[in-house]
Amino acid sequence: MNSQDARIARIYTTQTGNKVSDPTPNAPDVAGKPPATAYDLSVLTSEQFLLV
């Protein structure tokens, strides 16, 4: 497989600067704190998926 054959295998959100999937990335880490104003969107291609 080369880069021209790669397909999107997974898209997920993470807390800013993190690589761990998080379904609610803008939720506050601590109760009572304001929610995050930004989060990252990670895209995993089929080529990357095969290398993991």
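Our structure's up above, just so we're on the same page.
Predicted, not measured: the structure shown is a model, and the values here were computed from it.

Draft legend 1. Inspection of the packing of aromatic side chains at higher detail. A complete count under the given rule lists zero aromatic pairs for this structure. Directly above the aromatic system of Y12 lies the positively charged group of R10, at a separation of 4.4 Å from the ring centroid.

Draft legend 2. Just the side chain of S42, in detail. For S42, the location among the structural elements is in strand β2 (residues 39-45). Aside from chain neighbours lying at most four places away, what touches S42 is R10, I11, Y12 and T14.

Draft legend 3. Molecular detail of the environment of Y39. With respect to the secondary-structure elements, Y39 resides in strand β2. Excluding residues within four positions of it along the chain, Y39 makes contact with T13, T14, T16, P25 and N26.

Draft legend 4. How the structure looks around the environment of A36. Mapped onto the elements of the fold, A36 is located in the loop between β1 (8-15) and β2. Residue classification places A36 among the partly exposed residues on the basis of a relative accessible area of 37%. Between the C-alpha atoms of A36 and P25, which are 11 residues apart in sequence, the distance is 7.6 Å. Filtering out sequence-adjacent residues up to four positions away, A36 remains in contact with P25 and N26.

Calculation notes
Residues numbered from 1 in each chain as written. Predicted model: local features only at pLDDT ≥ 70, side-chain atom pairs only at ≥ 80, totals over all residues. Heavy atoms only, no water. Phe/Tyr/Trp six-rings, centres within 6.5 Å; stacked < 30°, edge-to-face > 60°. Lys NZ or Arg CZ within 6 Å of the ring centre and 35° of its normal. Helix = DSSP H or I, 4+ residues; strand = E, 2+ residues; numbered from the N terminus. Contact = heavy atoms within 4.5 Å. Buried < 20%, exposed > 50% of the residue type's maximum accessible area, 1.4 Å probe, protein only.

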